[in-house]
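# Per-entry structural report
What follows is each chain in one-letter form.
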Amino acid sequence: MPAALVPFIVVHVTAVLAKLSIFVMIPRLKTIEHVRSFLKKYRPFERGADWVLWITGLGLLYFASWKMLRQTWMIASIALYLLVFFFIRFALTRELQKIAGSKKLLAKDEFKRLRTNNWCVATLAVAFLGIIAYLMITKP
């Protein structure tokens with residue numbers, strides 16, 4: 001294993017955990033103003049985390065052997081990994097943006113849907129990341 005791979009893995013995993021912190025933050029949002037304030041702070045953070053993930057992900061692919069990248073378990077892991085972030089982007093971030101743009105005072109139904117989406121996506125993310133860990137350990 002190349003020595004450069006370990007720092008890439010550490011930075012990559014740290015960026016993944018930072019990106020997944022949205023699951024902890026959403027239940028704390030109580031008002032539309034909280035959502036607006038959160039999005040104002042979260043957008044630059046998310047963009048930075050996305051850049052770090054893409055750069056370190058490409059670095060990991062560069063340092064991995066071509067033979068490893070052609071294995072089914074690796075392709076499945078990458079696909080599941082991308083799905084997790086796709087669901088975060090389209091189920092959570094989009095819902096947050098709808099709430100932030102709402103003209104309602106309370107947006108009770110929207111918050112309920114946001115919390116439901118948060119639990120569903122978080123559960124799916126944990127399941128997918130568990131499958132990815134299993135695939136990486138067993139390399140079937």
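### Observations regarding the overall build of the protein chain
A count of helices and strands for the protein chain gives six helices and zero strands. Written out in order from the N terminus, the α and β elements of the protein chain read α-α-α-α-α-α. By its C-alpha atoms, the protein chain is 55 × 25 × 20 Å across when sized along the principal axes. In the protein chain, the proportion of contacts linking residues at least 24 apart, taken out of those at least 6 apart, comes to 84%. Approximately 9,100 Å² of the protein chain is accessible, and the part contributed by carbon and sulfur atoms is 72%.

### A short note on the environment of Lys104
Topologically, Lys104 is positioned in the loop between helix 5 (72-100) and helix 6 (108-138). Assessed through its relative accessible area of 43%, Lys104 is described here as partly exposed. In this structure the C-alpha to C-alpha distance between Lys104 and Ile32, which are 72 residues apart in sequence, comes to 8.4 Å. With sequence-adjacent residues up to four places away left out, Lys104 is seen in contact with Ile32 and Glu110.

### Comments concerning the packing of helix 3 (residues 32-63) against helix 5
One can describe the packing of helix 3 onto helix 5 by two numbers: an axis separation of 10 Å at closest approach and a directional angle of 160°. The angle between the axes of helix 3 and helix 5 places the two elements in the roughly antiparallel class. Along this stretch, helix 3 crosses helix 5, giving a crossing that reads as left-handed. When helix 3 is examined against helix 5, the residues Ile32, Val35, Arg36, Phe38, Leu39, Arg43, Glu46, Asp50, Leu53, Trp54 and Leu61 are found in contact with a partner set consisting of Ile78, Tyr81, Leu82, Phe85, Arg89, Thr93, Leu96, Gln97, Ile99 and Ala100. Considered class by class, the residues forming the contact of helix 3 with helix 5 number 14 nonpolar, two polar and five charged.

### Some points on the side chain of Thr93
When you line up the elements, Thr93 lands in helix 5. Since its relative accessible area comes to 5%, Thr93 is described here as buried. Aside from chain neighbours lying at most four places away, what touches Thr93 is Glu46 and Ile88.

### Considerations on the packing of aromatic side chains
For the structure on display, the rule yields seven aromatic pairs. Pairing Tyr42 with Phe45 gives two aromatic rings, centres 5.9 Å apart and planes at 45°, and the pair type is tilted. Residue Tyr42 and its partner Phe45 are located together in helix 3, separated by three residues, close to a single helical turn. Since its relative accessible area comes to 4%, Tyr42 is described here as buried. The partly exposed category is assigned to Phe45, whose relative accessible area is 39%. Chaining the aromatic ring pairs together yields one cluster made of Phe8, Tyr62 and Phe63.

Cut-offs used in this document
All chains use their own residue numbering, which begins from 1 and follows the written sequence. In view of the model being predicted, local features appear only for residues whose pLDDT reaches at least 70, and side-chain atom pairs are presented and counted only at 80 or more, with totals across whole chains, interfaces and linings using the full set of residues. Excluded from the side-chain calculation are hydrogens and water; included are all heavy atoms of the structure. Numbering of helices and strands runs from the N terminus, with a helix taken as a DSSP run of H or I at least four residues long and a strand as a DSSP run of E at least two residues long. Contact definition: two residues touch when any of their heavy atoms are within 4.5 Å. Values of accessible area rely on a 1.4 Å probe in the Shrake-Rupley scheme; residue burial ignores everything except the protein chains shown. Categorising residues by exposure relies on relative accessible area from a 1.4 Å probe, with only protein chains included: less than 20% of the type maximum marks a residue as buried, more than 50% marks it as exposed, and the intermediate range marks it as partly exposed. Helix axes use the C-alpha atoms of the stretch in contact, all axes being lines fitted to C-alpha atoms, and the angles between their N-to-C directions lie in the range 0 to 180 degrees. Working definition: roughly parallel below 35 degrees, roughly antiparallel above 145 degrees, roughly perpendicular at 65 to 115 degrees, and oblique for all remaining angles. A crossing counts as left-handed when the near helix is turned anticlockwise from the far one by less than a right angle, and as right-handed when that turn is clockwise. For this classification, Asp, Glu, Lys and Arg are treated as charged, while Ala, Val, Leu, Ile, Met, Phe, Trp, Tyr, Cys and Pro are nonpolar and the rest, including Gly, are polar. Pairing of aromatic rings covers Phe, Tyr and the six-membered ring of Trp, with a centre-to-centre limit of 6.5 Å; geometry is then stacked below 30 degrees between planes, edge-to-face above 60, and tilted otherwise.

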